[in-house]
Each structure stands twice: as structure tokens, then as C-alpha cells.
Amino acid sequence: MKNLIRYLILFNLFVLFPALFIHAQDEVGIKPLTSEIEFDGLVNDPAWKVSQQLQLTTHFPIFNNPPSEASEVFLTFDDNYLWVGAILYYKNVDEIVSTSKKRDEESENSDAFGILLDSYDDNENALAFFTMPSGLKIDYSVSNDGEGGDPGMSSQNYTWNSYWDVKTTTTNEAWHVEMRIPFSSLRFQSKNGITKMGLIVNRSISHLNEINTYPPINTKYGSGANTRPSLAKTIVFENINPRNPVYISPYVLAGTTRTNELNDNETAFEKSDDPELTGGLDVKYNLNNNLTLDFTVNTDFAQVEADDEQVNLTRYSLFFPEKRLFFQERSGIFNYELGGPQNLFYSRNIGIAQGQPVTLYGGVRMVGRVGKWDVGFLDMKTADFEETPSENFGVARLRRQVINENSYIGGMLTTRLGFDGSYNIAYGLDGIFKYTDVDYLVVKLAQSQDKSINSEVVSMDPTYFSLELQRRAEEGFLYEGKYAYWGENFDPKSGFVFINNIHEVRTSLGYGWTPGEKSPIFRYSIEGDFNLTSRMEDGKIENMELAPQFKMDLKNGIGIFLMPGYNKEGVPFNFYLPGGIIVEQGDYSFWAFRSHFNTPRTKKIVAEFSIDGGGFFDGKQFAVELETDFNISSSFQLSAFYKFDKVRFNETNQEFTNNLARLKATYMLNTKLSMSAYLQYNELENMVLSNFRLRYNPRDGNDFYLVLNDSRFADKSDLTPTPPGFLSQTILLKYTHTFRL
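Everything quoted here is computed from the prediction, not taken from an experiment.

Colleague: Sorry, what's going on with the overall build of the chain here?
Modeller: Across its full length, the chain holds 2 helices and 46 strands. A compact globule built from 741 residues would reach a C-alpha radius of gyration of about 27 Å, and the chain, at 27 Å, matches this within 12%. Projecting the C-alpha coordinates of the chain onto the three principal axes gives extents of approximately 80 × 70 × 55 Å. The burial tally for the chain puts 51% of its 741 residues in the buried class. When the accessible surface of the chain is summed, it comes to about 33,900 Å², and 55% of that surface belongs to carbon and sulfur atoms.

Colleague: Would you mind going over the sheet that holds strand E5 (residues 81–89) with me for this structure?
Modeller: Pairing in this open sheet of 5 strands is antiparallel, and the strands run E2-E4-E5-E11-E10 from one edge to the other. Looking along the sheet, the strands with just one partner apiece sit at the ends: strand E2 (52–54) and strand E10 (165–170). Neighbouring strand axes in the sheet, compared pairwise and without regard to direction, differ in orientation by 15° on average. Of the pairings in the sheet, the one linking strand E4 (residues 71–77) to E5 comprises 7 bridges and is antiparallel in character. Along E5, the bridge assignment pairs Val73 with Ala86.

Colleague: Help me out: how do you make sense of unusual backbone geometry in this one?
Modeller: Glycine aside, residues mostly have negative phi angles, and peptide bonds mostly take the trans form. Here the bond from Phe60 into Pro61 is cis, since omega is 10°, no more than 30 degrees from zero. With respect to the helices and strands, Pro61 occurs in the loop between strand E3 (57–60) and E4. Pro215 follows Tyr214 through a cis peptide bond whose omega is -5°. One can find Pro215 in the loop between strand E14 (210–214) and strand E15 (233–238). Located in the positive-phi region is Asn123, a residue other than glycine, with phi close to 65°. Positionally, Asn123 belongs in the loop between strand E6 (112–118) and strand E7 (126–131).

Colleague: Would you explain the environment of Glu36 in this entry?
Modeller: When you line up the elements, Glu36 lands in the loop between strand E1 (27–29) and helix H2 (46–49). Considered as a pair, Glu36 and Pro46 are 10 residues apart in the sequence and their alpha carbons are 8.8 Å apart.

Colleague: Explain a negative patch on the surface here, please?
Modeller: Among the surface-exposed residues, Glu261, Asp264, Glu266 and Glu270 lie close enough to one another that they form a single negatively charged patch. Judged by relative accessible area, which is 51%, Glu261 ranks as exposed.

Colleague: Please explain the pattern of salt bridges as it appears in this structure.
Modeller: A side chain of one charge can pair with a side chain of the opposite charge when the charged atoms of the two come close. Evaluation of the coordinates by the stated rule reveals 32 salt bridges. Among the salt bridges present, the one from Glu655 reaches Lys646, with a minimum N-O distance of 3.7 Å. Since its relative accessible area comes to 30%, Lys646 is described here as partly exposed. Among the ionic pairs, Asp710 bridges to Arg712, the shortest N-O distance being 2.8 Å.

Colleague: Can you help me understand the pairing of E7 in this one?
Modeller: Sheet faces and side chains relate simply in a regular strand, where the side chains alternate between the two faces. Taking burial as the measure, the 6 residues of E7 include 6 buried ones, the bulk of the element. In E7, alternate side chains face the same way, and those of Ala126, Ala128 and Phe130 on one face and Leu127, Phe129 and Thr131 on the other are all buried. Looking at chain direction, E7 and strand E8 (residues 138–142) are connected through 5 bridges and run antiparallel. The residue bridging Leu127 from the neighbouring strand is Ser141, located in E8.

Colleague: What am I meant to see in the pairing of strand E23 (residues 360–370) here?
Modeller: With 8 of 11 residues buried, E23 is to be regarded as a mostly interior element. Of the strand pairs in this sheet, strand E18 (residues 291–299) and E23 are connected by 8 bridges, and their pairing is antiparallel. By the bridge assignment, Asp294 is partnered in E23 with Arg365. Pairing of E23 with strand E24 (residues 373–382) involves 10 bridges; the strand directions are antiparallel. Note on E24: the bridge partner recorded for Gly368 is Val375. Counting the residues that bridge the hairpin from E23 to E24 gives 2 residues, and of these Gly371 lies at a positive phi of roughly 65°.

Colleague: Can you walk me through the packing of aromatic side chains in this structure?
Modeller: For any pair of aromatic rings, the description rests on two quantities: the centre-to-centre distance and the angle between the ring planes. Counted according to the given criterion, the structure contains 27 aromatic pairs. On the basis of an interplanar angle of 80° and a centroid distance of 6.1 Å, the ring pair of Phe496 and Phe498 is categorised as edge-to-face. One aromatic cluster is present, formed by Phe575, Tyr588, Phe590, Phe616, Phe617 and Phe649 through successive ring pairs. When the ring centre of Phe641 is taken as origin, the NZ or CZ atom of Arg662, which lies over that ring, is 3.9 Å away. Here the basic side chain of Lys734 rests over the ring of Tyr251, its NZ or CZ set 4.7 Å away from the ring centre.

Colleague: Looking at this structure, I do not really get the environment of Arg180. What am I missing?
Modeller: Mapping Arg180 onto the fold places it in strand E11 (residues 174–182). The residues touching Arg180, leaving out its near neighbours within four places in the chain, are Phe39, Tyr81, Leu82, Trp83, Trp164 and Asp165.

Colleague: I keep staring at the side chain of Asp450 and nothing clicks. Help me out?
Modeller: If you trace the backbone, Asp450 turns up in strand E28 (residues 439–450). Residue Asp450 is classed as buried on the basis of its relative accessible area of 12%. Not counting residues within four places of it along the chain, the set of residues in contact with Asp450 comprises Tyr423, Asn424 and Lys493.

Colleague: Got a minute to help me understand a nonpolar patch on the surface in this structure?
Modeller: A cluster of nonpolar residues, Phe477, Leu509, Tyr511, Trp513 and Ile526, forms a patch on the protein surface that exposes about 490 Å² of accessible area. With 3 residues, the top contributor of residues to the nonpolar patch is strand E31 (residues 502–513). Its location among the elements puts Leu509 in strand E31.

Colleague: Honestly, the nonpolar core in this entry has me stumped. Any pointers?
Modeller: Side chains of nonpolar character tend, in soluble globular proteins, to be buried together. Phe113 and Phe129 are the most contacted members of the largest nonpolar core, which totals 36 residues. Those elements that place two or more of their residues in this core are E4, E5, E6, E7, E11, strand E13 (194–205) and E15. By size, the runner-up hydrophobic cluster in this structure holds 24 residues, among which are Ile333, Leu344, Trp486 and Ile499.

Colleague: How should I be thinking about the confidence of the model for the chain in this particular structure?
Modeller: Detailed reading of the predicted coordinates is not advisable wherever pLDDT falls low. With 92% of its residues at a pLDDT of 70 or more, the chain has an overall mean of 88. Note that pLDDT drops below 50 for residues 19–24; the model gives that stretch 17 contacts with residues more than four away or on any other chain. Here residues 149–153 is a poorly scored stretch, pLDDT under 50, and it has 12 contacts once near neighbours within four places are set aside; other chains count.

About the criteria used
- Residues numbered from 1 in each chain as written.
- Predicted model: local features only at pLDDT ≥ 70, side-chain atom pairs only at ≥ 80, totals over all residues.
- Heavy atoms only, no water.
- Helix = DSSP H or I, 4+ residues; strand = E, 2+ residues; numbered from the N terminus.
- Rg over C-alpha atoms; globule rule 2.2 N^0.38 Å.
- Buried < 20%, exposed > 50% of the residue type's maximum accessible area, 1.4 Å probe, protein only.
- Areas by Shrake-Rupley, 256 points an atom, 1.4 Å probe, with all protein chains shown as cover.
- Pairing = 2+ DSSP bridges.
- Axes fitted to C-alpha atoms, helices over the stretch in contact; angles between N-to-C directions.
- Patch = residues over 30% accessible without salt bridge, like charges linked within 9 Å, V, L, I, M, F, W, Y side chains within 5 Å.
- Salt bridge = Lys/Arg side-chain N within 4 Å of Asp/Glu carboxyl O.
- Lys, Arg positive; Asp, Glu negative; His and termini not counted.
- Charge placed at Lys NZ, Arg CZ, Asp CG, Glu CD.
- Phe/Tyr/Trp six-rings, centres within 6.5 Å; stacked < 30°, edge-to-face > 60°.
- Lys NZ or Arg CZ within 6 Å of the ring centre and 35° of its normal.
- Contact = heavy atoms within 4.5 Å.
- Core = buried A, V, L, I, M, F, W, Y, C linked by side-chain atoms within 4.5 Å.
- pLDDT = per-residue confidence, 0-100.

Right, dumping it as C-alpha cells:
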């Protein structure tokens, strides 16, 4: 009887939730090289013709259509390298589009070809290797199965770089691609000589706004489905056992910073110089095929580009993404989202104190996979800075596949220990469970403990909890539902959390349509969002939004988003907006409108335009934002950003306007040498910031940077005492050389 009940339960689960029992899809064995390949960018060696050939299918705009242009794609390997070859044909070769030579180009206006490798075959993470007809190198990592999209929270991390080679050649009928990816640059697992990885191949044809993929990937899974590791084809290698080299990367840095600061009496500016001559060391060691250990000593990030200026019109902290290379490899393993940009671990807390950079003495980082377990460990030590003591940051993360290849359970621990005896510890458990091909259940439970706060482990005060249902699709019935709880004392100081002592309900219902081959519309949807956050202290609303949405994407690349919304805001204390405006304590209700438009991203000129307006607490708000990219040639790019904000409170006669502008120019002499100039203007702060960066990258691991930074007041006419020409100027030279042992 017990066995009968057990079989009935399993049968019903299989009928209701078949994805719980679905495991590997069909596998493709990759043939090893039979003879040598001349690495010259021409796919004409006999060895290519007897390797594994992959057939591409149209992904966009009409799924499963025959591709408009023919492609021949090959995959093979030897003892040291994964080899990828492609002949990408054109009926008219003059229609090839090549608009960049820059490393890690993110635009979509050029023809492109590349692969994504889920090297652990874990259906969550992948490494991407792409190129364009100019032969540039694009490599990035994908985490969270390609899910993401909030500012700074993209699942595609272009800061990640690896060691590999690519060559391209254009003939009178096609452009050819040869990629040579060392197995030592990939982390993977082998069992009894068998190694399995997930593979996605992408070809972009710019003049047709077309994407072809292998394997066939249905657009019903949403935008970006062609980069989702869970949709990859499993490929199989036999007997790949690469060497595990040690990469030693010393650097030397020289430069100086000159600042002009007000004296203590604020009667005059005093000049000071801060020359710098230093060096450091990074070491990368592959413990085995699937575990990587990184050491860093006297870590420096002088080559990192400046953050974009932002204007904060909320009561909460702004989020800035991590750009530093040391934290990038397989960084998705350290992700423990708490809603929006909030996270249990935020690496930008390391090396920042009171808004200023702090010396990083060094640290160690280990990431990889052991069996079905994802493993991550990080430990960093910082110097003291003014009133902030020297600190040690630690993170440990474990995740394991359960039930099926897209379901995980895991745990995370973060520590922030001050050398003055202070400490903050946070820990959490999480699980993600796929129960149909597009439906997921996500559960999280976390706590924090701080020396300055008396909290009991059994209490809900230091606790975070969330339960979420997601449909990861953009066609048919759409939904999302989430409940989250932030306790009063939940405050992980190694993470990013801007509010606590609340609970939140989020729901979204809608429907998406794909009209078909004859329609100019690719997809459109209608959705309704309801978000409610309320304070546990008094039971009142913190904020609430009820918002219908309309989204439409055309096959030519034009996108439209419209969202009117009814909002409620409960303000428990007075808070300040830019310009000294005070929003007083109270409850507010208002209607607001948001919109976004974009032109085709495959064109030489790409524009994104948004208009927001309507109520804003007890006033009115109007904002216009325009961002334009000019892909003038494969050697020169120009981008411009402009945002105008106006807020007006009639009852208190308060208002402010702000103009925020950014201009960036990039010149690429070739794929190794580039120069970029970045100028930002913020009217509200009365500041102009400029950044110039020259990079020479003769090969992976060897980099020379020249960096110039400048900050100054935009308008000095009303300032007393009269400021000098600039507030701060920096010039830095940095050279890194990597030795491979």
C-alpha cells in the first residue's frame, strides 16, 4: 500500500510538474582534431571539414525559419585548445557591417559571431567568446541563467576577461572566424574521462536585424533567450586534461594627484600634491580543472572607468555596479539578491570608507565547482582610514543542484571584522526550483548579527525572508508574485540594503503575443503590476504602486514601453531632495507616467529616449532622458547622454531643475590600442568631471594604461572664495605584465 501511494504521488508530480524530472537533453559528441590547423583566420584547413559541423537556425525575428544567409560552423579540440571555426556567407559581401575594434564591445550594431560555454554544464552560468569582422575580442560571463536587467544588475558581466585568441579574414563571399580557446582558461569537471559542457552558438546579421543560433532557441523564452545557459546543447569531450598554469601578474604604478581644498576657516583654497609610486601582484592558480585560486597583494584599480553621475530623487541609497576585475570571475556565485539591487554581498563595500578609496592590502579568492556543488570563497583586508579601522571582509558560498539541472539549494556567509573589535556577520539559505520549462519557485532566508545590535538568532528582528514565483517567458500567460520580509535589525554590512523593518508584496499579471511572420510586430504584451511595501513599526504604507504596462518590440528593432501608475508614499520623517528641498512627513497619493522608446540597436546611430512625468509627493515632476550612440566607423565611436529633471512643489514654493550630461568618445587605432575620453556635467553639483584613458593591450594579461582625471566647478561666478581652475587633477601610469608558468 505504501509503495502504491508513493507511485501515485510521483505520477501526479510528473503530470503537474514535469520539469522536476527532466534532465539532460540530447548530447553531441565533439570529434578531436585529426590534423593540424594553421591559425590564420581562414577556415580552409582539411581538419575543419572532418570536425563537428553545427547547423544554425533563425532565432530572431521569426523562430525556426531558415537563415537568410548561409553559415558553416565547426567545433573540434586537441590536447590544449577548443577550436571554433566559422564561414559566414553573404549574398552581397558589401553588406558586412563592422563598427568597432574595441575589446568587450557591447553595442549590437555590427555583425558578430561567437559561442557561449556552460563549462560546468550547470544550466546557470556561462562564458562568452565573441568577435566581429574587425577581429576584436569580446568575452563576458553570464550568471543567473541570463536573468537580470535592473541598473547595474545585468546578468552579463563584460568586465570579466580571459586568455584566448581569435583571427578573422574577409573574402569576396564571407568573413571567416577562427577561435582558439585554451582549456586552461575554462573551469570544467571530468568524470571517467568524460567532460560535458553546454554550448550556444550565435551569429548576428546586422543589415537584416537577424540572429541565428545553435541549438534552435525559441523566442517565447524572452529577450536574451539566446544567451541563457539552460537552453544550451550539451556537448561531450573525451580525455581533455589540460595543464594548470600559474599566472603571475605584477604591476607598477606611478603618478600624482594635485588637489585644491578649502582651509578650515573656508577663507581660501590650499593646494596639496600626493605623488605615488607603488606596485603589487596578482596570482591566478588553477588548483585543478574546476577550481581557481586568486591571490592579490596591494590591489589597485587605477584603470577602472569612472562611475556615471546620478541624481537621487528617492529616500534610498544609490547603487553603483562593480567594475573591478579581481571580483569578476564567476562572480554570479556570490549573488544573493534581496530585491532589486539589494544583495547580501556587495563587493564595492571593500576598499571604500566614507565615500573615499581605501588601500587594499590584499586578499584571496577561490571559485569553482566540486561535484554538483558551486564553491566560492573570498577574503580581503583593508587599511584603516581616518575614523574607519582596518577591516577584514570574508565571504563563503555553496550551491548544489537538486531535483533537476535548473534547481539549486545553497548557503552563504559574510563577515566584516574591524580591528577595533567591531563585527558584522550575515548568513543565509536559498533555493531555486524549476517546476515547468518556464516556471520557478525561489525561497530565501537570511539573518545578520552585529556587535552594536543585541539580536537573538530565534528572533525575526535580524531576519530576511522571501518567497517568489516567477514565469521566465514573454509569450502567453505571464505572472510573478513575491512576498518579502525585512526585520528591524537586518543589516548585512558587507551587503547593500537601503531599508529594513518592512514587508513587501509584489505581483504582476499579463499576457504576451507574438503575431507571426507577416506582422511587422515581433512581440507585444499587456501587464499589470502591483507593489506594496509597508512598515512593521506602525503598519502604514511605505510605498505602493499600481501600474498597467504596455510593451511592444518591432521586428526592425524599435521598442516601446508605456506605464501610467498610481502611487502612494508614506514618509515617516522629513527628508531632503537635491537643491535643499524638504519633503515633509506625511502620506501622499499621486499619478505618474513613465515611457521608454528605442531605435534599432543594429544601426550606426542608436537612440534611447524616455519621458517621465506627473505627480511627485505633493508636487509635480518632469524628466526627459536621451542617450545616443554614433558608431561612425570601426575606429571611432561617440556617445552622448542628456537628462533633464524638474521638480516643483507649489504649496511650499520649492523647486529645482537639473541638467545632467555625459559625452564619451572612443578612438581605436586597432584591436590592441584604444583611447577614450569621458566628460560629465552635473548642474546640481555644479561639477564637471573628465576622464581620459589610453589602453595598450598587446596580448591577454599585458596592459599599459595612461589615466587622466580632472574635477572642477562648472560655474565659479557666485562662489566665495573664488575657486582655482580645478579642484583635483590626477595623472597615473600603470603597467601589468603576466607571466605564465
